[in-house]
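Letter by letter, the chains look like this.
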Amino acid sequence: MAVHLTFTLDKVYLRAGVATHSLSAAGQLRPVRPWDRLVQFGALIYWPRSVNWLKITATAAPDPASAGPSIAFVDHVAGLDAVCATHAARRDSIAPPKFLESNSFLVASLPRHNRVFFKIEIDTDAEAFRKVVSERRNPEKEELIQPVQVMLFDTKQFGNPATQLGRIDLVMKPCEPVPRFAGVLAIDLGNTTTTAVSLSEADPVYRTDSVKPIALEALDLQGIPEPMLSVLRLDQINSFGELPEGTRRFPGVPADDQPNAVTYACGEWVTAGTADGELPPGVVYGAKQLLTVKDPASAPPLESYFTLTLPHAHPGQPPQTETVEVLNRLPGELLFTHSIRQFRSVANAWPPDLALTYPTTYSPRELRQLVRAAARGWLRVMGQSQEFDLLDEPNEDPQLEEQAMAVRQWLHSTDPTVGPTDCPLFGLTLDEATAASFFHVYRRVFEQPGGLVRFRYLYPDGLRLLLIDCGGGTTDIALVHARSPQHQPRLLEVDVLARTGVRAFGGDHITREVCRLVKAKIGLCLARIRTPGSVPPGLQPLPLNGPANVDAARNAVEEFIAKIARLDPNDELVPTRFDPTKADASLAPRRTAAHALWQLGEKLKRKLGDGKAIKLRDLGPEATGRDTSPLMAAVLRPLPLAAQNQLLGLLADLTVAPWEVDALIRKRVESAMTKCNRLIRKHLVDQAADGRESEIDWVVLSGNGARYPLVSRLAREQLHVAYIDDRLTFDPENLKDAVAKGAAMARMVERVPRAVGIKFNRHLSELLPFDVGYHNMITNATDPLFAEYTPYRELTEQVRNVRLVLPAGSPASLGNTFILERRFPGDDGFSPFASYQFSQGIQGELEVRYDASLGEFHVTDATSGEIGRHADLTETDQQVSVLRGDL
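Residues numbered from 1 in each chain as written. Predicted model: local features only at pLDDT ≥ 70, side-chain atom pairs only at ≥ 80, totals over all residues. Heavy atoms only, no water.

Comments concerning the overall build of the chain
The number of helices and strands found in the chain is 22 helices and 37 strands. The globule rule puts the C-alpha radius of gyration for 887 residues at 29 Å, and the 32 Å found for the chain is close to it. Structurally, the chain occupies a C-alpha span of about 110 × 75 × 65 Å along its principal axes. Counting the 887 residues in the chain, one finds 53% classified as buried. Restricting the contact set of the chain to residue pairs at least 6 apart, pairs at least 24 apart contribute 72%. Carbon and sulfur atoms make up 51% of the accessible area of the chain, which amounts to about 38,600 Å² in all. Charged side chains of the chain number 96 positive and 108 negative; the gap between the two group centres comes to 4 Å. (Helix = DSSP H or I, 4+ residues; strand = E, 2+ residues; numbered from the N terminus. Rg over C-alpha atoms; globule rule 2.2 N^0.38 Å. Buried < 20%, exposed > 50% of the residue type's maximum accessible area, 1.4 Å probe, protein only. Contact = heavy atoms within 4.5 Å. Areas by Shrake-Rupley, 256 points an atom, 1.4 Å probe, with all protein chains shown as cover. Lys, Arg positive; Asp, Glu negative; His and termini not counted. Charge placed at Lys NZ, Arg CZ, Asp CG, Glu CD.)

Side note on the packing of helix α11 (residues 507-530) against helix α13 (residues 587-608)
At a minimum axis distance of 8 Å, the contact between α11 and α13 shows a crossing angle of 110°. With respect to their mutual orientation, α11 and α13 come out roughly perpendicular. Contacts from G507, D508, I510, T511, R512, V514, C515, V518 and K519 of α11 reach α13 at L597, W598, L600, G601, E602, L604 and K605. Looking at side-chain class alone, the contact of α11 with α13 contains eight nonpolar, three polar and five charged residues. (Axes fitted to C-alpha atoms, helices over the stretch in contact; angles between N-to-C directions. Parallel < 35°, antiparallel > 145°, perpendicular 65-115°, else oblique. Nonpolar A, V, L, I, M, F, W, Y, C, P; charged D, E, K, R; others polar.)

Some details on the side chain of E660
With respect to the helices and strands, the residue E660 is situated in helix α17 (residues 658-686). Excluding anything up to four places from it in sequence, E660 contacts L517, K521, L542, P543, V557 and T655.

A few points about the packing of helix α6 (residues 329-347) against helix α7 (residues 364-381)
Between α6 and α7, whose axes approach to 7 Å, the crossing angle comes to 50°. Classed by the angle they form, the pair α6 and α7 counts as oblique. Viewed along their axes, α6 and α7 form a crossing whose handedness is right-handed. Residue-level inspection shows R329, L330, E333, L334, F336, T337, I340, R341 and R344 of α6 in contact with α7, the latter providing L370, A373, A374, R376, G377, W378, R380 and V381. Among the residues making up the contact of α6 with α7, the classes are represented as nine nonpolar, two polar and six charged. (Left-handed = near helix turned anticlockwise from the far one by under 90°.)

Focus on helix α18 (residues 709-718)
If you check which residues of α18 are buried, you get L710, V711, S712, L714 and A715. The inward-facing, buried residues of α18 contact α17, β27 (698-702), α19 (724-727) and β28 (728-730).

Some points on the environment of V3
Within the secondary structure layout, V3 lies in strand β1 (residues 3-14). Along the sequence, V3 and L152 sit 149 residues apart, while their C-alpha atoms lie 9.0 Å from each other. Leave out the neighbours within four places in its chain, and V3 touches Q28, L29, R30, L152, L165, G166 and R167.

Digging into the sheet that holds strand β32 (residues 799-803)
Read across the sheet, three strands follow the order β32-β35-β36 without closing on themselves; strand pairing throughout is antiparallel. Edge positions in the sheet fall to β32 and β36 (856-861), since each has one partner strand and no second. On average, adjacent strands in this sheet sit at an angle of 25° to one another, irrespective of strand direction. Bridge count for strand β35 (residues 845-851) against β36 is six bridges, and the pairing is antiparallel. Each bridged residue has a counterpart across the sheet, and for R849 the counterpart in β36 is H858. (Pairing = 2+ DSSP bridges.)

Remarks on the sheet that holds strand β23 (residues 475-483)
In space, the six strands of this open sheet follow the order β28-β27-β22-β23-β24-β29, with mixed pairing throughout. Edge positions in the open sheet fall to β28 and β29 (757-760), since each of these has one partner strand only. The sheet shows a mean angle of 20° between the axes of neighbouring strands, direction not considered. When β27 meets β28, the two strands line up parallel, connected through three bridges. Bridged to L701 within β28 is F730. Taken strand by strand, helix α9 (residues 432-446) contacts β22 (463-470), β23, β24 (491-502), β27 and β29, and its axis lies near 135° from that of β22.

Let's talk about the side chain of S437
Secondary-structure assignment places S437 in helix α9. Look at S437 and you get buried, because its relative accessible area is 1%. Here A433 takes part through its backbone oxygen, which lies 2.7 Å from a polar atom of the side chain of S437. For S437, the contacting residues outside a window of four places in its chain are L465, L467, A478 and V480. (Polar contact = N/O pair within 3.5 Å; in protein donor to acceptor, adjacent residues only side chain to side chain.)

A short note on the pairing of strand β8 (residues 144-154)
Counting buried residues along β8, eight of its 11 residues qualify, which places the element largely inside the surrounding structure. Pairing between strand β3 (residues 40-48) and β8: five bridges, direction antiparallel. Opposite Y46, over in β8, you have Q149 as the bridge partner. Where β8 meets strand β9 (residues 162-177), 11 bridges bridge the pair, whose relative direction is antiparallel. The residue of β9 that forms the bridge with Q146 is L170.

Details of unusual backbone geometry
The residue after R33, namely P34, is reached through a cis peptide bond having omega 10°. Structurally, P34 is set in the loop between β2 (18-26) and β3. For the bond running from F250 to P251, omega is -10°, close enough to zero to count as cis. Looking at the element boundaries, P251 is found in the loop between β15 (248-250) and β16 (262-266). With a phi angle near 50°, R15 is a residue other than glycine that sits in the positive phi range. By the element assignment, R15 lies in the loop between β1 and β2. Despite not being glycine, N780 shows a phi value in the positive range, around 55°. Within the element layout of this structure, N780 appears in the loop between β30 (771-776) and β31 (781-786).

Examining the pattern of salt bridges
Tallied over the entire structure, the rule returns 42 salt bridges. A salt bridge links E333 to R380; the nearest nitrogen and oxygen atoms lie 2.9 Å apart. Of this pair, E333 sits in helix α6 while R380 sits in helix α7; the two residues are 47 residues apart in sequence, bridging distant segments of the chain. Taking relative accessible area as the criterion, E333 reaches 0% and is therefore assigned buried. Overlapping salt bridges bring together E201, D353, R747, E750 and R751 as one network. (Salt bridge = Lys/Arg side-chain N within 4 Å of Asp/Glu carboxyl O.)

What about the packing of aromatic side chains?
Within this structure, the stated rule accounts for 15 aromatic pairs. Between the aromatic rings of Y442 and F446, the centroid separation amounts to 5.0 Å while the plane-to-plane angle is 45°, which identifies the pairing as tilted. A residue pair is termed a helical-turn pair when its members lie 3 or 4 positions apart in one helix, as Y442 and F446 do in helix α9 at four residues. Assessed through its relative accessible area of 3%, Y442 is described here as buried. Put simply, the rings of F438, Y442, F446 and F760 pair up and form one aromatic cluster. Directly above the aromatic system of W698 lies the positively charged group of R444, at a separation of 4.4 Å from the ring centroid. Here the basic side chain of R822 rests over the ring of F770, its NZ or CZ set 5.2 Å away from the ring centre. (Phe/Tyr/Trp six-rings, centres within 6.5 Å; stacked < 30°, edge-to-face > 60°. Lys NZ or Arg CZ within 6 Å of the ring centre and 35° of its normal.)

As structure tokens, then:
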């Protein structure tokens, strides 16, 4: 035998996705006597096509002492013919037709001295692989050997056929079910970025540095995982079996739960344009926002969806591009799938215990939809059906099978009392502000010299923390009291006194304002070149230094943007507006331009963090190049070449100053600071727990949005916190990870007993986060109905009557609409959040109750018995502009 190589492939587990190994053979792939003098020879590597779970790619390099380019092995007949011709061999004698029908192969022409590099991929989810394991695995050695055949051949050099056979044995270990992870996986699915961390019981669980970030996308220069951009690209839908008639809906049939039913990718790189710069059609932003969309009321219930034009394939048929109705939950589900799969590939274990975080202002319905998407993502990773009619094949791991069954039962439960916290997969669901607070308090107490003893000495009345978590889509705020009671010296209590947030402000809001500004500036440059006479003489660029007065600065920037918009009412100068529901010829190019503008806004936002004015040329050629920026391509396309060059010169010098963006976002940032001050006033002054006024001891700024300088500057200027420069913490290393790390540590505190006790508010998701009321026209005030912090379980038992009195001489109806209002802690008043339509008109008295099955309030007319049709008035607050098409 000319070649007999053995490669050991470790950490190959069943149902663990694609196991990839890179291997090399230096000088081992060559003929032996009498053909060892061959200077060059053909190398054919082959294995049965029935082994469809195995994929091999290879390249070769000459010996280091020899010069020459690398050599790629090819897997097609044309390449085989070329290698046979090089070595004067007949293809029929090397690889006859029946051979090609039954074997996959790689072939190359190699020099005598070579190094071959193999990439071995094993689809451990494939049914054929699991079958081979059950039939041929050696249980004593815990291995499966898969032979791969080798043929070395040549006819040219010695004038007669030279053929030698060989074999490569792939020894795969242990080929058993993925073990159960003894620890916690925490996932923070964000509007902008997603983070996942794990904490194993095998590590020192009492230290936060034992929490390991999971690489979801890429590593930075120091080899530390970076948060993954929460963007998804759907590449292809794969269907198995018969489908219902009509438009393909995905997921729509049980087979759609299979891991290979959809081809997709996640992260920033998936937004790379096609060859002509157009955004790939399957790119989806706003997965977390889509998870909050309410499903339409119908019987039977239908799930809400959006449409994409995607390739759709059936087995044995080429994919056909068609319109697909994609359920709103799918993008979020697949982001969870990706996160869990990445963890499993790193840890070589499946997670039975997840900690999940959610925005502080989420409603029970929004939390339930988030948790359900995560549960579905977990089932998809584990190769488990989300339904009960695909359970014809038992899993090799009884523990996994048992937990999957429990998750399915929870997923399909119709019991209204079964909520998100009852899912057996999630040991903890924690709001983001509480999770970040727990992380920072834990480090300050237990990872400082002296630990809890030192903390008790320094803070005998406890430490009061104000946490401001400025994320991508929301800003979450928590007022926390951490203390160790005098009568319990081994206990730390972390009590959330109040939690609130700003749903419509975060890093995405800052990016939107940057985009509005830079779009107007590009539009002005373009208008002067395309139609010079259309620009009024008084319309000038904004000055480098703006007005000192805050209102004057905002008015100046808003007026500038409005004037440019009036110049271009049809959005033709910088074409970034589109209707996502209208699939016309302009949708794809406008969507591509909007995405490029958003990317430009993100880059400018990060650069503006340095506090200096930025020119577009400072962002690199990809931001201003006609061939590298789809946005530049869109604005240049209508112009002749000379005008294009002129515009590119102007755009390279286009400048964005910090004061301009500050003016646009200042009111939103100030509203967050005002909320904080109201919390401080209410809980530490007016309603202090022990009757004594207290002050904030510590302020923590968290979240990627906090990187923008105005956030920390206004915190220092406007928060009612004494000595704030000494008490404010801005920790860039934990801006995004603190939420996930805090959730992992909090869950591990419950799993592993330790010498001290730690209590925290783990059930905040079960409490109403705001006051509910309605506006009383008689008193011109809001009458309260339900109080903040009321348990939802108690709300289901409470009915509030609203008596609406008809004015004298009016028709026998009070209109058709009733509106509920809410007030989060720190708000200056109530604001509408839900409306109820009555087709018969409101007759007089209404009954308001909480419906646990739907996670929302219901209003019934006591006279007519009609239930008002509910509409969420805040749903669009969460959508990203690049998804809405309104940039």
